[in-house]
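# Structural overview
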Amino acid sequence: MNKTPEQINKDLLRPIYHATWRFYATAAVLAALVAAALFAWVYQMYYGLGISGLNRPVFWAFYITNFVFWIGISHAGTLISAILRVCNAGWRRPVTRCAEAITVFSLSIAGLFPLIHLGRPWLFFWLIPYPSERGIWPQFRSPLLWDFFAINTYLIGSVTFLLLPSFPDFALIRDRASGWRRKVYGIISLGWRGTPKQWHRLEMAMRIMAVAIIPVAVSVHTIVSWDFAMAPVPGWHSTIFGPYFVAGAIFSGIAALIVAMALLRKLLHLEEYLRPIHFDNLGKLLLVMSLLWFYFVFAERLTTWYGNFPGEMSVFWSTQIGRFSPLFWTMVFCNFLIPAPILAIKSLRNKIGWTVAASIPIIIGMWLERFLIIVPSLSYKYLPYNFGTYWPSWVEIIITIGTFAAMGLLYLIFSRIFPIISIWELKLGMPKKEEAPELAPAEAAAGQPQAG
Amino acid sequence: MGHRWGMVIDEDRCTGCEACVAACHAENNIATVGDDEASRGRALHWIRVERYYEGDFPDIRVKYRPVLCQQCSDAPCEPVCPTYASYQNDEGLNAQVYNRCIGTRYCANACPYMVRFFNFYNPVWDKPLDLQFNPDVSLRSVGIMEKCTFCIQRIKAAEIKAKAEKRPLKDGEFNPACVQSCPAGALIFGDLNDPDSRVSRLSKSSRGTTFLEELGTHPKVVYLKRDTWHDEQNA
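Treat the numbers as computed from the prediction; the structure is a model and nothing was measured. (Residues numbered from 1 in each chain as written. Chains lettered and ligands numbered in written order. Predicted model: local features only at pLDDT ≥ 70, side-chain atom pairs only at ≥ 80, totals over all residues.)

This part covers the overall build of chain B. A tally of helices and strands in chain B yields 8 helices and 10 strands. By the compact-globule yardstick of 18 Å for 235 residues, chain B fits well, its C-alpha radius of gyration being 18 Å. Principal-axis analysis of the C-alpha atoms gives chain B an extent of 55 × 50 × 35 Å. Burial analysis of chain B (235 residues in total) assigns 41% to the buried set. Residue pairs at least 24 apart in sequence account for 63% of intrachain contacts in chain B once pairs closer than 6 positions are excluded. (Helix = DSSP H or I, 4+ residues; strand = E, 2+ residues; numbered from the N terminus. Rg over C-alpha atoms; globule rule 2.2 N^0.38 Å. Buried ≥ 20, exposed ≤ 12 C-beta atoms within 10 Å, placed from the backbone. Contact = placed C-beta atoms within 7 Å.)

What follows is the structure, encoded as structure tokens:
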């Protein structure tokens, strides 16, 4: 890439200054969908969960599926970006920020679902351990409480991880802007001057955060899997669930990242920044995760089949040949049989269209996987007298669609406020330096181009 | 020594009449959700009679098994509740604090016996059942779990009465509604800590089994399985 720093500034800051009618039209459509979902939620709170498709025995379904799914998507960003930063992979530079943003937004959406699914959502704060005159504390043995802490830790961590390397870019916008923009970005850049001391501190903070966020990310999805694994329910009570969920989360996360990057590339005209090499590299990661996913599913199914416990087998057969088998085999197609060959062939993988074609089925397949973990197990739990089934109601469907719209809307707004590619990191990664970049004195003081 | 309430259910005696179900509804103010909701699997029956059919027509035999909360000593429903709504009280009952429940429904998923019920809507009753509420039992609102309590209101009333009269509780002095109403005497209730109580003696029967024993929940309800004399008689 042979761009001058000034061209980079111009290309990457353009979306912040200019919006087309398409932006407003898309935002309006997405906002309408989000409003519909909010209406559905209020409706559900008013009448009770009876208006959903939930029943006895299927007490958890779409909402918890969405919860686990969005937590999984959230592993796209911070974890990938942290690993790439720790490994100092140079190609990461244009990718990290849009990845980290996915984490923050999908985690916020995921965090809503445990509230949406509560019977009495207005009392959710009873999960917070606060001293009260009644002396009642939450039950620390409950995996739901672990969830509460894990998600909050991850959310705080990933917001920090997103904001830290944004300050130099905010300062860049502040320095180039006038009027209200100068004021606003002046405030949110938190007094960034680009002094050597500030660069040094930023570099230190990013190194610490990159290492610290990895165990947090792994633990979050492990704890989400324990929501299931800790209950003596056939198909849930499995020691493999922690790593299985983490692998699945990274898998769906990378797929979501590839789709988001392809969209940004088209919509914001970033063809010269998000190049086929980025999709190719992420495609390799995706291939590894696809194989790993297949290995986990195979290992889990095979041990269940050999164990042959009656309680487990009714769930097992319902997904292999029974009522849920169409969904199961769709999932296998979406997660393995379609993407693995595409990603394994180099001449396909380095074409962006093909990588996206491999990623979209994975997102669908991973949603199905979460559904297939939850609903068949509850439908065929132990006593045949109580077997049941589940069909979603319009409320659950609208809320599900609404959260996808919310993700798009938040991302759209984000791309108007933040430069979607970290400008200073991109400049640092540029091969030649005959022309000093705009933040040159400070960058030079920060030492070799490996900050972050 | 405190009490440890338990029950013995004799499958030889159960006729499947469901008087226990009706009595439980009346005693505990359980909502009758209506046909539509019941067909969606939202019916609330703290005790139910499960029917299992054995053999092929016409040599068919039906087996009745009344199922209520098994009052597990190691209950899967208890540790999963994030707000302590579900906990074990000091007499070994799996208690449910309605006011503390926020409706995660995690307990219902964890329970292998499917004896926990969720209020999908605010409760309604077929008329004139709404005119005969039991004043000793609180009504449950939308969004919370409810379950069999072994008629804790009767337990407490009997304990308070015995204490006031400065005497120990007698075996069989009081019974939960289901036990009281069982015409065949298939349900026997009592204190498992009292070695001479009927329930203690019967629970040691060679016919005694606990439900889904392999899960290690240690229920305090013991089922006396059908004896083989049935088969001999039918042969």
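Glancing now at the overall build of chain A. Looking only at helices and strands, chain A features 19 helices and 0 strands. Whereas a compact globule of 452 residues would reach a radius of gyration of roughly 22 Å, chain A reaches 23 Å, a difference of no more than 12%. With respect to the three principal axes, the spread of C-alpha positions in chain A is 75 × 60 × 40 Å. Taking all 452 residues of chain A together, 48% fall into the buried category.

It is worth spelling out the interface of chain A and chain B at this point. For interface size, the figure often reported is the accessible area lost on association. Every contact between the two is made by 35 residues of chain A and, on the other side, 31 residues of chain B. Here the element with the most residues in the side of chain A that touches chain B is helix H6 (residues 143-163) of chain A; it accounts for 3 residues. Considering only residue class, the side of chain A that touches chain B consists of 23 nonpolar, 8 polar and 4 charged. (Nonpolar A, V, L, I, M, F, W, Y, C, P; charged D, E, K, R; others polar.)

Residue and element names in this part refer to chain A. Of all residues in chain A, 95% attain a pLDDT of 70 or more, and the chain-wide mean is 88. Across chain A, element-level confidence peaks in helix H13 (residues 325-337) with a mean pLDDT of 95 and bottoms out in helix H19 (residues 440-445) with 45. This model gives residues 434-438 a pLDDT under 50, and the stretch forms 6 contacts once residues within four places in sequence are excluded. The low-confidence segment residues 440-452, where pLDDT is below 50, has 25 contacts with residues more than four positions distant or belonging to other chains. (pLDDT = per-residue confidence, 0-100.)

Residue and element names in this part refer to chain B. Among all positions of helix H1 (residues 19-28), only Cys20, Cys24, Glu27 and Asn28 are buried. What you see down the axis of H1 is that its buried residues fit within an arc of 75°, all on one side. Contacts from the buried residues of H1 go to strand S3 (61-67), helix H6 (177-181) and strand S8 (187-191). Just beyond H1, the residue with positive phi is Asn29, at close to 55°. (Arc of directions from axis to C-beta.)

Take the nonpolar core next. With 179 residues, the main nonpolar core has A:Ala61, A:Ile102, A:Ile254, A:Leu257 and B:Leu187 as its most contacted residues. Of all the elements, helix H10 (residues 241-267) of chain A adds the most residues to this core, at 15 residues. Discounting chain neighbours no more than four positions away, the residues touching A:Leu257 are A:Ala76, A:Gly77, A:Ile80, A:Ala99, A:Ile102 and A:Leu282. (Core = buried A, V, L, I, M, F, W, Y, C linked by C-beta atoms within 7 Å.)

Residues and elements named next belong to chain B. Across the sheet, 4 strands lie side by side as S8-S1-S10-S9; this open sheet has mixed pairing. Taken across any chain shown, the strands that pair with only one partner, and hence form the sheet edges, are S8 and strand S9 (208-209). The pairing of strand S1 (residues 5-10) with S8 spans 5 bridges and is classified as antiparallel. Looking at the pairing, Met7 lines up with Phe189 of S8. (Pairing = 2+ DSSP bridges.)

Residues and elements named next belong to chain A. For the pair helix H5 (residues 96-116) and H6, interaxial distance at closest approach is 9 Å and the crossing angle is 150°. Classified by the angle their axes make, H5 and H6 are roughly antiparallel. The chirality of how H5 crosses H6 is left-handed. Contact with H5, carried on its side by Glu100, Ala101, Thr103, Val104, Leu107, Ser108 and Gly111, involves Ile151, Tyr154, Leu155, Ser158, Val159, Phe161 and Leu162 of H6 and no other residues of that element. Along the lines of polarity and charge, the residues of the contact of H5 with H6 split into 9 nonpolar, 4 polar and 1 charged. (Axes fitted to C-alpha atoms, helices over the stretch in contact; angles between N-to-C directions. Parallel < 35°, antiparallel > 145°, perpendicular 65-115°, else oblique. Left-handed = near helix turned anticlockwise from the far one by under 90°.)

Here we take up the pairing of strand S2 (residues 48-54) of chain B. All names here are of chain B. Direction of pairing for S2 relative to S3: antiparallel, over a ladder of 7 bridges. Note that in S3 the partner of Tyr52 across the bridge is Lys63. In this structure, the hairpin formed by S2 and S3 is closed by a connection of 6 residues, where Gly55 is found at a positive phi of approximately 85°.

What follows deals with unusual backbone geometry. In this structure, A:Pro57 follows A:Arg56 across a cis peptide bond, with omega equal to 20°. Relative to the elements of secondary structure, A:Pro57 occurs in the loop between helix H2 (21-47) and helix H3 (62-73). Residue B:Pro58 follows B:Phe57 across a cis peptide bond; omega there is 5°. Here B:Pro58 is to be found in the loop between S2 and S3. Its identity as a non-glycine residue notwithstanding, B:Phe150 has a phi of 60°, on the positive side. Mapped onto the elements of the fold, B:Phe150 is located in the loop between strand S7 (145-147) and helix H5 (152-164). Of the residues examined, B:Phe150 has 26 C-beta atoms within 10 Å and is grouped as buried.

Right, let's talk about the environment of B:Ile188 for a bit. Here B:Ile188 lies in strand S8. If we ignore the near neighbours within four places in the chain, the residues touching B:Ile188 are B:Met7, B:Val8, B:Val179, B:Arg198, B:Val199 and B:Leu202.

What follows is about the environment of B:Ile102. One can find B:Ile102 in the loop between strand S5 (94-96) and helix H4 (106-110). Under the C-beta neighbour-count criterion, B:Ile102 is labelled buried, with 24 such atoms within 10 Å. Through-space distance from the C-alpha of B:Ile102 to that of B:Ala85 is 8.2 Å; in sequence the pair is 17 residues apart. Setting aside residues up to four positions removed in sequence, B:Ile102 forms contacts with A:Leu118, A:Gly119, A:Arg120, A:Leu123, A:Phe124, A:Trp126 and B:Thr83.

Further remarks concern the confidence of the model for chain B. Segments scoring low in pLDDT should not have their predicted coordinates read at a detailed level. Of the residues in chain B, 96% have a pLDDT of 70 or more, and the chain-wide mean is 91. Confidence metrics for the complex model read pTM 0.91 and ipTM 0.90.

Residue and element names in this part refer to chain A. Between helix H11 (residues 276-307) and helix H16 (residues 352-379), the least distance of the axes is 9 Å, while the angle of their chain directions is 30°. Pair H11 / H16 crosses with left-handed handedness. For the pair formed by H11 and H16, the contact residues are Pro276, Phe279, Gly283 and Leu286 on the first element and Ile352, Thr355, Ala358 and Ser359 on the second. Residue composition of the contact of H11 with H16, grouped by class: 5 nonpolar, 3 polar and no charged.

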